[in-house]
Protein chains: 2
Amino acid sequence: MRSDQVTIKDLARLLNISISTVSRALRNASDINRETKEAVLKLAEELNYEPNFIAQSLVKKQTKMIGVIVPAIHSNYFSQALAGMTDVASEFNYHVMFCQSNETLAQEISSIKKLVASNVEGLLVSVSKESSDICEFEKIRQKGIPIVMYDRILNGFSCSKVIVDEYEGAYNAVKHLIRKGCKRIAHITGPTDLSVSVNRMNGYLGALKDHNLPIDPDLIVIAKAFEENALMAVKKIMSVKPAVDAIFCINDLSAVIVLKYLKSKGIKVPEDVRVVGFNDDPVSGYVEPSLTTVMQPGYEVGKLAMGILIDEIQNKNFPCQTFRLRTKLVIRNSSK
Amino acid sequence: MRSDQVTIKDLARLLNISISTVSRALRNASDINRETKEAVLKLAEELNYEPNFIAQSLVKKQTKMIGVIVPAIHSNYFSQALAGMTDVASEFNYHVMFCQSNETLAQEISSIKKLVASNVEGLLVSVSKESSDICEFEKIRQKGIPIVMYDRILNGFSCSKVIVDEYEGAYNAVKHLIRKGCKRIAHITGPTDLSVSVNRMNGYLGALKDHNLPIDPDLIVIAKAFEENALMAVKKIMSVKPAVDAIFCINDLSAVIVLKYLKSKGIKVPEDVRVVGFNDDPVSGYVEPSLTTVMQPGYEVGKLAMGILIDEIQNKNFPCQTFRLRTKLVIRNSSK
DNA sequence: CTTTATTTCGAGAACGTTACCGGTAACGTT
DNA sequence: AACGTTACCGGTAACGTTCTCGAAATAAAG
C-alpha cells in the first residue's frame, strides 16, 4: 500500500468541496449536481485516483475475497478446478486467496484460520485425506461465513457441496467392460475410509450385481497409497485363478503401473486383459496402449462451486444442496 | 466480514480499561503491566477475539498480500511454481491472490489492475505469450509496488527476475545426443519471438558449434503452436536427406507426438532416431519409450521468486538481479 | 518531605472511506 | 408573505485498529 496515494480528501481540497460530495460523485449517487460530479470525475481521472479498497472494506464490511483450499495444486484435476473458480470469481469481481493443505490436516486448519483472519467472505474447500473432523468447520460457519465443499467433501457437515458422480462413473466403466465380454473384473481400490474409494467401489459392485456377475473378494485389492502400492496390487490380482480378464483401477496413475506390469509379463492389453482408469489424467492419452478412463469435469466443478458460493454470499441464504456432476467415459485402446 | 465480531473495544469495556491499553497488551508492547496484560489476553482467549485484519491494514498500510499472475494454471510447470510460491508466502505470513491471464494480454492487464486495486504489496508475474509491452508494468512500479518476473520475463523491463537456464538445458541435451554419436540432430522450435524458442534454439546451436557439427537450416523447423504443429514438423524433418539421427524438441508434448509418429512409421527409438524433449512433464515418464527430457525446477523457481519479492517488500530496495536456476537432464530410454 | 525518574495508562488523532442527518438556497404554491 | 418541496451539499460519526503524547501513579533519590 503506497503512502503517496491520492485520496478523496485531496480531491475535495483541490475542488473546494467537501469529501462527502466527492464520495457521492464517485459512486454516482442521486443527490448531486451534474456539473460538480463531472468536475470530480475529471479531476479523479487526471490525478489517477483509485479508491482505497481497504478503507471501503472496513466501512462496508465486505472484502470481496474468497478463500480456496486445495489439497494439492499440482494434480491436473485440482488445477482445473482452480481455473474454473478463478474464472467465475473474476466475473463477479471477487478475488481468490488460495492455500494448499498438502494433504495434511494441520496445514488445512492453519490455512483455514489464516483465510478467516483475512476476512474472506466465503470458503471453498476440498478436504485433505486426513480430515474427518467437522468441528473446525462448524466454528467457521458459526461466524456466518458460508462454506461450499467440492470434490472431497465431509458427509457429516451440512453445507452446499459439488461433487462428481463417481458411482455412476465407476458403474459405467465397469458396464463398459462387461459389454466387451469381460466376466472376471478385478478392482484396485484405495483406503476404505476415503470417499473416492467407497464411491468407485460401490459403482463397481453395483455394475457387477446389475449384470448378474458374482462378486469375488479375491478380485478386490486395496492399494493403500494409490499408485505407490499399485504394483503389489496387480501382482496379487494376476495370481488369482481363474484368471481375470479386466482390471478397473481407482485412478489413472495406478492403471499406468498396471499397464507397465502387464506389458513386462507379456500379457496383452486389451486382448488378454482390459484396463480402465479414473480421472482422465493427461498421461492416459499418451501411454501405450492409450488408457480408457473416466473423465471428471474439474473445470466445471470449480465453476459451479464458486457460483454457488458467491450466490450464498450475496443472498445470505444457505440452501445446503448437493450438486452431482456427471462423468464421461473416455474409451481408448486399453479396453477396445 | 461478520458484524458480530469481538473487537478491541469490547475487551476494553469489559475490563474497564482503555482501548489503547488493550491494543498494547495484544501486541505485547513494553509499557504495560504484566497483570493487566494477562487479563486482556485471558479475556481475548475466552471471547475468541481475532484482530480485524482490514483495520490493521488501513492504519499500518500493509496488506500482507501478494498478487500472482500465471499464464495458465493447468500446466504442470506453473502449478509447481505456484506451489513453491504459496509455501514460501505462508512461511512469511503473506497471502497470495492469484489470477490467470489465460495467455491473453487483455486478461493480464485487467488482472494486474485488479490486484493493484486490492492493494497487493508486490507482484509476481509470468507474462502471457501476447505480452511485449513494458509500459503497463512501468506504471505499477511508479506506484512503488515491487514486481518480480519469473519464467516468462520481459527483457526490456528492469526488475528482479527468476528464470531457468534454458540455454544450458538445451545445450546439455544436445551435447548428450552428440556424445551418443548423433551427427544430424534436428530441432523442432516454436515461434521466433518467444524467449523459450530463442533460448532453447541458441542452446542447440551452441552445442553444435562447440562440437564442430555443421548447422543445417533444413533441420530446424518451426512448430508455431508447439505440439499442435509438431506432427507436421516431424514429417518435414524425416523427409530430409541425409536422414537425421536425433530430434531435439522444444517441449515434451511435441516430443511425444514425434515418438508416436516415428513408431507409426516403424522407425525405432532410440536405435534409429534419438529423441529429447523439454520440461519433464509427467507424461515423459509414461510414454513408450520413456522420454529423455530437460527438467525445469518449477517449484524452486516459485520459491525463489517469492522469496526475492518478500525481501524487496520488506527491505524496500529493488536490486533488479536476474537469477538463473539450473536445469537437469533426465535421461530415459528415448536416447539411451 | 520534596524532587525526579519510572512505570503504566488514557485521550485523541489518524488511516480512507461511507452513511446518516441536517442545513441552505431556490423555487413554486397557497 | 408564509410555507412546503426539491436539489444539492457539508459536518460528523462511524468502521477497528495503531500510535503519539502527555498525565497520573508509583518508586527512587536527594
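Fair warning: this is a prediction, and the values are worked out from it, not measured in the lab.

**Student:** Could you clarify how one ought to interpret the nonpolar core in this entry?
**Tutor:** In summary, soluble globular proteins display a tendency toward joint burial of nonpolar side chains. By size, the foremost hydrophobic cluster in this structure holds 84 residues, and its most contacted members are A:Ile247, A:Val275, B:Ile247 and B:Val275. Filtering out sequence-adjacent residues up to four positions away, A:Val275 remains in contact with A:Ile247, A:Cys249, A:Ala255, A:Val258, A:Leu259, A:Leu262, A:Val269, A:Leu291, A:Thr292, A:Ser334 and A:Ser335. Counting 56 residues, the second largest nonpolar core, distinct from the first, contains A:Val88, A:Phe98, B:Met85 and B:Leu124.

**Student:** Explain the relation of the copies chain B and chain A here, please?
**Tutor:** Relating one copy of the chain to the other requires a rotation about an axis plus a shift along that axis. Laying chain B over chain A is done by rotating through 180° and shifting 0.2 Å along the axis; what remains is an RMSD of 0.2 Å. A rotation of that kind, with that shift, is consistent with a two-fold axis.

**Student:** I'm lost on the protein's contact with DNA strand C in this one. Help?
**Tutor:** In the neighbourhood of DNA strand C, 25 residues make up the surrounding shell, with A:Ile8, A:Ser23, A:Tyr49, B:Thr21 and B:Asn33 lying closest. Of all atoms in DNA strand C that approach within 4 Å of the protein, 65% are sugar or phosphate atoms. One of the side-chain nitrogen or oxygen atoms of A:Arg27 is found 3.5 Å away from a phosphate oxygen of DNA strand C. In this structure, a phosphate oxygen belonging to DNA strand C sits 3.1 Å away from a side-chain N or O atom of B:Lys61. Put simply, the parts of the chain that give the surface near DNA strand C at least two residues each are α1 (8–15), α2 (19–26) and α4 (53–60) of chain A together with α2 (19–26) and α4 (53–60) of chain B.

**Student:** Would you mind showing me how to read the sheet that holds strand β6 (residues 185–189) of chain A here?
**Tutor:** Sheet strands pair via backbone hydrogen bonds, and the direction of the pair is either parallel or antiparallel. Residue and element names in this part refer to chain A. Taken together, four strands build an open sheet; the order of strands is β7-β6-β8-β9 and the sheet is parallel. Taken across any chain shown, the strands that pair with only one partner, and hence form the sheet edges, are β7 (220–222) and β9 (274–276). Adjacent strand axes in the sheet meet at a mean angle of 15°, parallel and antiparallel pairs treated alike. Taken together, the four bridges between β6 and strand β8 (residues 246–249) define a ladder with parallel strand orientation.

**Student:** Would you take a moment to explain the pairing of β8(A) for this structure?
**Tutor:** A regular strand carries its side chains on alternate faces of the sheet. Residues and elements named next belong to chain A. In β8, alternate side chains face the same way, and those of Ala-246 and Phe-248 on one face and Ile-247 and Cys-249 on the other are all buried. Inspection of the sheet shows β8 paired to β9 by three bridges, in the parallel sense. Looking at β9, one finds that Phe-248 is bridged to Val-276. Handedness of the β-α-β unit built from β8, helix α11 (residues 252–264) and β9 comes out right-handed.

**Student:** Please explain the sheet that holds strand β8 (residues 246–249) of chain B as it appears in this structure.
**Tutor:** All names here are of chain B. Taken in spatial order, the four strands make up an open sheet running β7-β6-β8-β9, and their pairing is parallel. The open sheet has two free edges, formed respectively by β7 (220–222) and β9 (274–276), since each of these has just one partner strand. Averaged over all pairs of adjacent strands, the angle between their axes in this sheet comes to 15°, without regard to strand direction. Across the sheet, helix α11 (residues 252–264) is in contact with β6 (185–189), β8 and β9; its angle to β9 comes to roughly 160°.

What counts as what
Residues numbered from 1 in each chain as written. Chains lettered and ligands numbered in written order. Predicted model: local features only at pLDDT ≥ 70, side-chain atom pairs only at ≥ 80, totals over all residues. Heavy atoms only, no water. Core = buried A, V, L, I, M, F, W, Y, C linked by side-chain atoms within 4.5 Å. Buried < 20%, exposed > 50% of the residue type's maximum accessible area, 1.4 Å probe, protein only. Contact = heavy atoms within 4.5 Å. Least-squares fit on C-alpha atoms with pLDDT ≥ 70 in both. Near = heavy atom within 4 Å. Polar contact = N/O pair within 3.5 Å; in protein donor to acceptor, adjacent residues only side chain to side chain. Helix = DSSP H or I, 4+ residues; strand = E, 2+ residues; numbered from the N terminus. Pairing = 2+ DSSP bridges. Axes fitted to C-alpha atoms, helices over the stretch in contact; angles between N-to-C directions. Right-handed = clockwise from strand over helix to strand, strands pointing away.

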